[in-house]
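# Descriptive analysis of the structure
Each chain is listed here by its residues.
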Amino acid sequence: MKQPDVSAPKAAVLGIQHLLAMYSGSVLVPILIGSALRFSSEQMTYLVSIDIFMCGIATALQVFGNKFFGIRLPVVLGCAVQAVAPLIMIGQKFDIQTMYGAIIAAGVFVYLIAEPFAKLRKLFPPLVTGSLITVIGLSLIPVAFQNLGGGNVAAKSFGSGANLIVGMFTVLLILAFNVWGKGFVRSIAILIGLIGGSLLGGLMGMVSFRPVIEASWFHVPTPFYFGVPHFEWSSIVTMILISLTSMVESTGVFFALGDVVDRKIDQPDLKKGYRAEGLAVMLGGIFNTFPYTTFSQNVGLVQLSGIKTRKPVMFSALFLVLLGLLPKIGALATIIPNPVLGGAMLVMFGMVAVQGIRMLQQVDFHDDKNLLVAAISIGLGLGVTVQPQIVQALPKTLQLLFSSGILLASVSAVGLNLLFNAKTPPAELPESDGLNEKATQARKVDKHD
C-alpha cells in the first residue's frame, strides 16, 4: 500500500523528532568512553561532535541506500551502547589506537559476513522476532525509568517530586496529543512532549545553557584524529563478537519496522542493511568515533507518528551531519532534562514492546512448544537485563556477551525454535500482515516513499 506523501516542512519537523529521540542515547556513548579513558576537554568536544556527524552519515548510508548497501527503511543509526564496556576495557588495557583498530576490523567483518548472515533469515520466523522485539522494548524500560527519576541513581535528587512531575507531565502531554491531536500535530506528539516538558523543566531550574555557551561554533571531521590505528587480535575478536550482537539486534529492528510499514523484509534487504552497518562501523573507526547500529527506540516513534516513509529520517540524517559540524547548535539538544527524556522513552519503548507482542499474536500458542520458546526466551532476556551480575563468574569476554538480554533472548529463541520446530516450519502469515507481503509489492512501496 502506497504511503501518503509528506511535505518537506512536515518531514523536517518529524526529522527533528527522530533526532531528539536518539540524541541523548548516542551522545552518552562518547561521554562514557571519553570519561573512562580520561580524555581532555578538547578531545571530548571533538568526540561528541564527530559522533553526531557520523550518526548522520551512518543513517544516510542505511536510509538512502542503493543496490549494494542500505535497507531503505525509516531507520536511525546511533552508537552501539553494548560496545561501551569492551571499548573501555580495550582502551585501558592497550591504548586508544588499538581501540579504533578493533572497530575498523569489526566493520570490515560485518560487511564481509553480510551475505551469509542474511541467509539465516529462516532462523527468524515471527515466533523468534516477536520474542526478540518484545525483549528489546521491555529491556529498555528500566533505562526510561532511570531517566525519569533524574538519570543518576546515586544522586540525592533521584526520584524527587520535581523529577517525577516533569517526567509524568511529558508522558501526559504525549498521550493528550496522541488521543486528541489531529493529523500532523498528532504525528509530532513526542516532539511536543519534549518541548513542553523542557519548558516546565526550565521553570523548575532543570535546564542549563552552559553546554551551549561552552561549545565551539564550527568543527571539521578529521580522519585518524587520535593517531594511526593499531590492530591487536584479542581486541578485534572482542569487537567482532559485539558486532554480531548488534547484527542480531538490528535483525529484530528490521523485521519490526517492516511490520510497521507493511513491507516484507527479504534476504537481499537484510544483506544491504548489514553492509550499511559494516560501512558505518568502518567509518566510525576511521574518524575515531564508535560502532554504529540501528536504534530500536525509533521503531516506536514510527508507530506513534503514523508516518511510515523514509523522508523524515532523511531530514534527520541531514540535521545530524549539520549538528556535527556546528557543535554549539548541536549542544541545544543536550539541555533537555533527563526526566523529560525518560517520559518520552517510556512511551516509545513501551510501543516497541507492544510491537513485539503484536507479532507474537500471529503465532499458534495452542502449541506448547511455541509457548515454551517465547516464555523461556523472554524470561532469559529480561532476567539477565535485571540481574546482569549473574554472569560475573564467567570470563570477561563472555560476561560482555551474556550480560546482554537481547543476545541471550536471540540465542535462546533461535536455538529452541530449531530444536522444537525444525521439522514443522511455521505457516506463512496472511498477506494482510506486513511480514508476508509479496516482495515485488514491497519494492513498489519502497520506490514510492
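The rules behind each value
- Residues numbered from 1 in each chain as written.
- Predicted model: local features only at pLDDT ≥ 70, side-chain atom pairs only at ≥ 80, totals over all residues.
- Heavy atoms only, no water.
- UniProt positions renumbered as here; feature names shortened; annotations may be inferred.
- Phe/Tyr/Trp six-rings, centres within 6.5 Å; stacked < 30°, edge-to-face > 60°.
- Helix = DSSP H or I, 4+ residues; strand = E, 2+ residues; numbered from the N terminus.
- Buried < 20%, exposed > 50% of the residue type's maximum accessible area, 1.4 Å probe, protein only.
- Patch = residues over 30% accessible without salt bridge, like charges linked within 9 Å, V, L, I, M, F, W, Y side chains within 5 Å.
- Areas by Shrake-Rupley, 256 points an atom, 1.4 Å probe, with all protein chains shown as cover.
- Salt bridge = Lys/Arg side-chain N within 4 Å of Asp/Glu carboxyl O.
- Core = buried A, V, L, I, M, F, W, Y, C linked by side-chain atoms within 4.5 Å.
- Contact = heavy atoms within 4.5 Å.
- Axes fitted to C-alpha atoms, helices over the stretch in contact; angles between N-to-C directions.
- Parallel < 35°, antiparallel > 145°, perpendicular 65-115°, else oblique.
- Left-handed = near helix turned anticlockwise from the far one by under 90°.

The protein is annotated in an unreviewed UniProt entry as Nucleobase:cation symporter-2 family protein of Lacticaseibacillus hegangensis. The record in UniProt for the protein states the following under Subcellular location (unreviewed entry): "Cell membrane". Turning to the protein, the UniProt annotation filed under Sequence similarities (unreviewed entry) states: "Belongs to the nucleobase:cation symporter-2 (NCS2) (TC 2.A.40) family."

### Regarding the packing of aromatic side chains
Overall, the coordinates contain 6 aromatic pairs when judged by the stated rule. Measuring from centroid to centroid gives 6.3 Å for Tyr 100 and Phe 290, while their planes differ by 35°, and the two rings are tilted. Of this pair, Tyr 100 sits in helix 4 (residues 96-118) while Phe 290 sits in the loop between helix 11 (267-286) and strand 2 (292-294), and the two are 190 residues apart along the sequence. Tyr 100 gets classed as buried once you look at its relative accessible area, which sits at 2%.

### Here's the deal with the environment of Lys 10
By secondary structure assignment, the location of Lys 10 is in helix 1 (residues 8-36). On the basis of relative accessible area, Lys 10 is assigned to the partly exposed category, the value being 40%. Spatially, the C-alpha atoms of Lys 10 and Lys 311 are 9.6 Å apart, while their sequence positions differ by 301 residues.

### Topic: a nonpolar patch on the surface
Side chains of Trp 217, Phe 218, Val 220 and Ile 329 sit close together on the surface and give an oily, nonpolar patch of about 470 Å² of accessible area. For Ile 329, a relative accessible area of 40% puts it in the partly exposed group.

### Focus: the nonpolar core
One finds Ile 33, Met 99 and Phe 290 to be the most contacted residues of the largest nonpolar core, which totals 109 residues. When residues of this core are assigned to their parent elements, the largest contribution, 12 residues, is made by helix 10 (residues 233-260). Sequence-distant contacts of Phe 290, that is, excluding residues within four places in its chain, are made with Val 29, Pro 30, Ile 33, Leu 47, Cys 79, Leu 87, Met 99, Tyr 100, Ile 103 and Gly 284. Counting 9 residues, the second largest nonpolar core, distinct from the first, contains Leu 127, Leu 360, Val 373 and Ile 378.

### Description of the packing of helix 5 (residues 126-148) against helix 18 (residues 405-421)
The N-to-C vectors of helix 5 and helix 18 enclose an angle of 160°; their axes lie 9 Å apart at closest approach. Classified by the interaxial angle, the pair formed by helix 5 and helix 18 is roughly antiparallel. Judged by the sense of rotation from one axis to the other, the crossing of helix 5 with helix 18 is right-handed. Contacts from Leu 127, Val 128, Leu 132, Val 135, Ile 136 and Ser 139 in helix 5 reach Gly 405, Ile 406, Ala 409, Ser 410, Ala 413, Val 414, Asn 417 and Asn 421 in helix 18.

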